[in-house]
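Overview (structure and organization)
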Number of protein chains: 2
Amino acid sequence: MKKAGSCIDCFNPGCFIKYCSSKWIKEIETHKTEVSYKKGQAVFAAGEFVNGLFFIKDGQVKVVSSGLNDKEQIVRLATSGHILGHRGSNGETYPISAVAMKDSVVCFVKNETISEAFLKNPEFTVKLMLFYSKELRGIEARIKYLSQMTVREKVAFALLYLKTIFGYQAQGTTNKGQLLNVQISRTDIAGICGTNEEQVIRNLSDFEQEKLIAKEGKKIRIVNESTLYGILKVYNLQL
Amino acid sequence: MKKAGSCIDCFNPGCFIKYCSSKWIKEIETHKTEVSYKKGQAVFAAGEFVNGLFFIKDGQVKVVSSGLNDKEQIVRLATSGHILGHRGSNGETYPISAVAMKDSVVCFVKNETISEAFLKNPEFTVKLMLFYSKELRGIEARIKYLSQMTVREKVAFALLYLKTIFGYQAQGTTNKGQLLNVQISRTDIAGICGTNEEQVIRNLSDFEQEKLIAKEGKKIRIVNESTLYGILKVYNLQL
DNA sequence: AGAAGGACATGATAAAGGTCATGTTAAAAT
DNA sequence: ATTTTAACATGACCTTTATCATGTCCTTCT
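Cut-offs and rules
- Residues numbered from 1 in each chain as written.
- Chains lettered and ligands numbered in written order.
- Predicted model: local features only at pLDDT ≥ 70, side-chain atom pairs only at ≥ 80, totals over all residues.
- Heavy atoms only, no water.
- Near = heavy atom within 4 Å.
- Polar contact = N/O pair within 3.5 Å; in protein donor to acceptor, adjacent residues only side chain to side chain.
- Helix = DSSP H or I, 4+ residues; strand = E, 2+ residues; numbered from the N terminus.
- Nonpolar A, V, L, I, M, F, W, Y, C, P; charged D, E, K, R; others polar.
- Contact = heavy atoms within 4.5 Å.
- Buried area = accessible area lost by both parts, 1.4 Å probe.
- Salt bridge = Lys/Arg side-chain N within 4 Å of Asp/Glu carboxyl O.
- Least-squares fit on C-alpha atoms with pLDDT ≥ 70 in both.

**Things to note about the protein's contact with DNA strand C**
With respect to spatial proximity, 15 residues lie near DNA strand C, and among them Val151(A), Thr195(A), Gln199(A), Arg202(A) and Arg186(B) are the closest. Between Gln199(A) and DNA strand C, the recorded distance is 2.5 Å, taken from a side-chain N or O atom to a base nitrogen. Contributing elements (two or more residues each) for the surface near DNA strand C: helix H6 (197-209) of chain A together with helix H6 (197-209) of chain B. At five residues, H6(B) tops the list of elements feeding residues into the surface near DNA strand C. Among the residues making up the surface near DNA strand C, the classes are represented as two nonpolar, six polar and seven charged.

Here it is in structure tokens:
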């Protein structure tokens, strides 16, 4: 943990702190802490006290909810510019955990600072509210797929969800499709789908045979995105 | 649709509009419309344009997402004080529908009014942000149950979810438990669970035989709430 | 009153998906 | 360099759950 650098010339264009007044950006700057997490490390764990809000400066984080016999469900994926945690009342604890999927840098602003910032920076608060509202809509869409889709459809959905959040790798584009900008295990994909590792493996193998995807080192190449969408068209999704 | 009454002496204690300045409460009062919906009527339907925000004054509403072959998934249940819809940018449409579960009264405030109110009433905006943030946490919990629980567990969860949102009927309490303050069909419960009518019926019958619930007219009596919770305890939920 | 439709109920059957067993490969640790 | 562990992969099997069929009861419409 180190004292953070300037928020004003922060390279992350998606950070919400930018919407504060310059006076308040300075204020937050001096009160925030900036922490680096190694891949696999927890930003926060279920049961810990909610002491403030996390802003992802640079990284990839999975928000997981561990249920029955260690089977973990990935509730949300987050990347640079996204928020983790929530403003909590005193004594409140996290119902879920947030774990870095790769080395990540996260800024932390404690409750008192953030609460005051909300009241003094309406535009900032509105942006944050819209962020939550948008997340809510996204998760509502995922509810549908978890409850109605077949495993095959869920796996297709998971791939497209990964693309929506993390996008494609800039240097990964060839005439044979685009490379997902994330390194994720079959077990974690299963965690997104609400199924198990074996089913994911089976279905990814199917997709490969059908030339919809290709496996490239530790990453997945989306060869035929539109057909992948086609698998889900009956649900008329909006990712 | 009629011009609405005063917000100041509105009987609904949970309405967020209260957190605006008195000047703005008046402003909203004059710009809002108040609409009554019959049971089964849509407050808004998927595909319609997002023109503003809905505040439930008095009623019970299900937010549904219709997927494959008319099988509808209930994404969220809402009651007096809750919000429906979201602030949308121009041209945006609803991905889901909201349907009255009983005769309900809903206040509508259009986009321009609400956007300005946000910027001028920090406390109002913060409350709304916290509402969304709380909803987000709630739905994250439901994601887990939809993806990991057995049908039996899902049905138990649905009953407790109904209790959380709508509560018990004041006059329904006897020494044999408490009456859920909602009238809901097996099909709709199936929509909460992500299963079908038959499974719900079977499991409710099981619960009845096990003396966990009792059927009373068109409503359900929770006879043994703690055992019902017990069915879910491995998930250590926080409803 | 009688017909019709909707909600509730239960059994039989089939398909989907979870679990277990086993094996291979690749990376990491000693 | 060798052992160990993690990730990937596939087949077989069995449980769970969805679907289909049928029937009853109750409410609502004509």
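**Some points on the interface of chain B and chain A**
Across the boundary between the two partners, chain B contributes 40 residues, which contact 40 residues of chain A. Across the interface of chain B and chain A, roughly 4,000 Å² is buried in total on both sides, 69% from carbon and sulfur atoms. Taken together, the connections running from chain B to chain A amount to four salt bridges. Two residues, Glu92(A) and Arg137(B), come together in a salt bridge whose shortest N-O distance is 2.5 Å. Summed over the shared surface of chain B and chain A, the result is eight residue pairs in polar contact (both at pLDDT 80 or more). Contributing elements (two or more residues each) for the side of chain B that touches chain A: strand E5 (60-66), strand E6 (72-79), helix H2 (111-120) and helix H3 (122-148) of chain B. Counting residues per element, the side of chain B that touches chain A draws most heavily on H3(B), at 20 residues. Considering only residue class, the side of chain B that touches chain A consists of 18 nonpolar, eleven polar and eleven charged.

**Some points on the relation of the copies chain B and chain A**
Rotating chain B by 180 degrees about the axis while translating it 0.0 Å along that axis superimposes it on chain A, leaving an RMSD of 0.0 Å. As the rotation angle and translation indicate, the two copies are arranged about a two-fold axis. Scanning chain B for the C-alpha nearest the rotation axis identifies Met129(B), at a separation of 2.3 Å. Of the interface residues in chain B, 100% have counterparts in chain A that sit at the interface too, so the contact is made through matching surfaces.

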